[in-house]
Amino acid sequence: MPMLLGVLESQRQLGGASYPPTLERLAELTGDTPAATSKALSSKEAKGRALLSRTAGGKKKPAPGTVLVLLKEDLQTVAQSDRLLEVQLQSARKPDAPAVDLAQLPKGLVTGLGRAFKAALEQRLAERRLPRTIGALTGKKPLFFFLADAVLPAAGAPARPATTTAPTDGAPRPTAPRGARTAPADAADAAPTDAPSNGAPAASLAGAPAASLAGAPAASLAGAPAASLAGAPAAPFAARFDAAFTALDRVSGGNNYVTLRALRAALPDVPRATFDDELAALRRQRRYSLDPSDGRHHQMAEAEREAGILEAGNLLVYVARRDDA
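Let me begin by describing the structure that accompanies this report. Predicted model, so just to flag it, every value in this text is computed and none were measured. Here the residue numbering is sequential within each chain, running from 1 through the sequence in written order. Local features are withheld for residues below a pLDDT of 70 in this predicted model, meaning they are given only at 70 or higher, and side-chain atom pairs are given and counted only at 80 or more; totals for whole chains, interfaces and linings count all residues. Calculated side-chain values reflect all of the structure's heavy atoms, with hydrogen atoms and water omitted.

1. Considering the overall build of the chain
Selection rule: Put simply, DSSP H or I for four residues or longer makes a helix, DSSP E for two residues or longer makes a strand, and each gets a number counted from the N terminus. Only protein chains enter the accessibility calculation, which uses a 1.4 Å probe; a residue whose area is less than 20% of its type maximum is buried, one above 50% is exposed, and one in between is partly exposed.
If you tally the helices and strands in the chain, you get 12 helices and 9 strands. A total of 325 residues make up the chain; the buried ones form 43% of that total.

Shown next as structure tokens:
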């Protein structure tokens, strides 16, 4: 039990998408099953410190991915958080009814948390303060919805997940320009030579003519000068990384989320240890940050896991460019 509570406290220190973790995520971090973790949290010691956002209603148990685990002293903070709003909206929405009214959102939450959450929602509406992924229609029965659900995608465009993973470090993220078409979170994993998804003629990710893609080494797609392919020194890692990120992010819809797997593939000549050291330097310079996947909208492939970086129990798989440098 001390280990379970210790892991929960460590997730609180990480913040962002790491806290409060879902029951499913907490079980993963402790190497146990959600059922065993839930049972452990029902012990007297755990119940004195921790709280499940939702409990079984009758015979139906909520899915582990929809239950948040928090420390009791954080109840008010979590009630006002974007994290809880996103989880509750994702749980309540349906494909044929993506907008959920205010009265429905607190349903399923334990009593104290439900009341605080409803009050926080009313205050959010009054202050016009919502996460950038969520919109609301005011009126007698205010409706909340994911903005992605309110946009008619282009014909033949792949479905986009309802939300994106929140940053672990609270850093501001540049957002896509108004009206820009978005793409699924895993679209950043498209091979660098894939054509843009908007139907435009195939082009190099670095902006070179389409003809330059024929047989071009992957390194050239990451922004390395052509001369470097003939034996001249390669461009500095930072410049190549910037070019690769910009190109991959553009192809995936400008969501400012690119997987480490795609970036490693774009710089195949850089050894993993060197890549990680150089990326760590860029993070210290506050140019980029790393985020985990919460698993709700995109099931990670093994290759994505292998490309990730494990820090403080979190597997970081997404890279985002910071705009507070």
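Picking up where we left off.
2. Brief notes about the packing of aromatic side chains
Aromatic ring pairs are described here by two measures, namely the spacing of the ring centres and the angle between the planes. Inclusion rule: For Phe, Tyr and Trp, rings pair up if their centres lie within 6.5 Å, where Trp contributes its six-membered ring, and each pair is then called stacked (planes under 30 degrees apart), edge-to-face (over 60) or tilted (otherwise).
Applying the stated criterion across every chain, the model contains 6 aromatic pairs. Pairing Phe-241 with Tyr-288 gives two aromatic rings, centres 4.9 Å apart and planes at 85°, and the pair type is edge-to-face. Separated by 47 residues along the polypeptide, Phe-241 in helix α9 (residues 237–251) and Tyr-288 in strand β7 (residues 288–292) bring together distant segments of the chain. For the pair Phe-241 and Tyr-288, a shared accessibility class is recorded, and that class is buried. Aromatic side chains Tyr-257 and Tyr-318 sit 5.3 Å apart centroid to centroid with 55° between the ring planes, which places their arrangement in the tilted category. In this pair, Tyr-257 sits in the loop between α9 and β6 (258–259) while Tyr-318 sits in strand β9 (residues 314–321), placing the two residues 61 residues apart along the sequence.

3. Focus: the sheet that holds strand β4 (residues 134–137)
Two orientations exist for strands paired in a sheet by backbone hydrogen bonds: parallel and antiparallel. The criterion, for reference: Two strands pair under a simple rule: DSSP has to find at least two bridges between them.
Reading across from one edge, β3-β5-β4 is the order of the 3 strands in this open sheet, with antiparallel pairing throughout. Looking along the sheet, the strands with just one partner apiece sit at the ends: β3 (100–101) and β4. Pairing of β3 with strand β5 (residues 143–146) involves 2 bridges; the strand directions are antiparallel. In the strand pairing of β5, Val-100 is matched with Phe-144.

4. Comments concerning helix α1 (residues 2–14)
For the record, the criterion: To estimate how far a helix should reach, multiply one less than its number of residues by 1.5 Å. Comment: arc refers to directions from the helix axis out to C-beta atoms.
If you check α1, its first and last C-alpha atoms are 19 Å apart, about what 13 residues at 1.5 Å a residue would give, namely 18 Å. Those residues of α1 not exposed but buried are Leu-4, Leu-5, Val-7, Leu-8 and Gln-11. All buried residues of α1 fall inside an arc of 155° around its axis, so they share one side. Set apart from the buried face of α1 by more than 90 degrees, the exposed residues are Pro-2, Met-3 and Gln-13.

5. Here's the deal with the pattern of salt bridges
Note the cut-off: A pairing counts as a salt bridge when a side-chain nitrogen of Lys or Arg comes within 4 Å of a carboxyl oxygen of Asp or Glu.
Per the counting criterion, the structure on display carries 15 salt bridges. The shortest N-O distance in the salt bridge between Lys-118 and Glu-122 comes to 2.8 Å. With Lys-118 and Glu-122 both in helix α7 (residues 111–127) and 4 residues apart, the pair spans about one turn of that helix. On the basis of relative accessible area, Lys-118 is assigned to the partly exposed category, the value being 32%.

6. With respect to the nonpolar core
In plain terms, the rule: Nonpolar core, defined: a set of buried Ala, Val, Leu, Ile, Met, Phe, Trp, Tyr and Cys residues in which side-chain atoms within 4.5 Å join the residues together. Should any heavy atoms of two residues lie within 4.5 Å, those residues are considered in contact.
In this structure, Leu-41, Leu-105, Leu-113 and Phe-144 are the most contacted members of the largest nonpolar core, which totals 37 residues. Residue assignment for this core shows that the elements contributing at least two residues are α1, α2 (23–30), β1 (50–52), β2 (69–71), α5 (75–79), α6 (82–92), α7 and β5. With 5 residues, the top contributor of residues to this core is α7. Once residues within four sequence positions are removed from consideration, Phe-144 is found in contact with Leu-89, Pro-98, Ala-99, Val-100, Leu-102, Leu-105, Leu-121, Leu-125, Leu-130, Ile-134, Gly-135 and Ala-136.

7. Comments concerning the pairing of β9
By the criterion of burial, β9 is predominantly enclosed, with 7 of the 8 residues buried. Inspection of the sheet shows β6 paired to β9 by 2 bridges, in the antiparallel sense. Bridged to Val-258 within β9 is Val-319. One ladder, built from 3 bridges, connects strand β8 (residues 309–311) with β9; its direction is antiparallel. Among the inter-strand pairings, Ile-309 is bridged to a residue of β9, identified as Leu-316.

8. Section: the environment of Gly-112
Within the secondary structure layout, Gly-112 lies in helix α7. Owing to a relative accessible area of 31%, Gly-112 belongs among the partly exposed residues under this scheme. C-alpha separation for the pair Gly-112 and Ser-53, spaced 59 residues apart in sequence, amounts to 9.6 Å.

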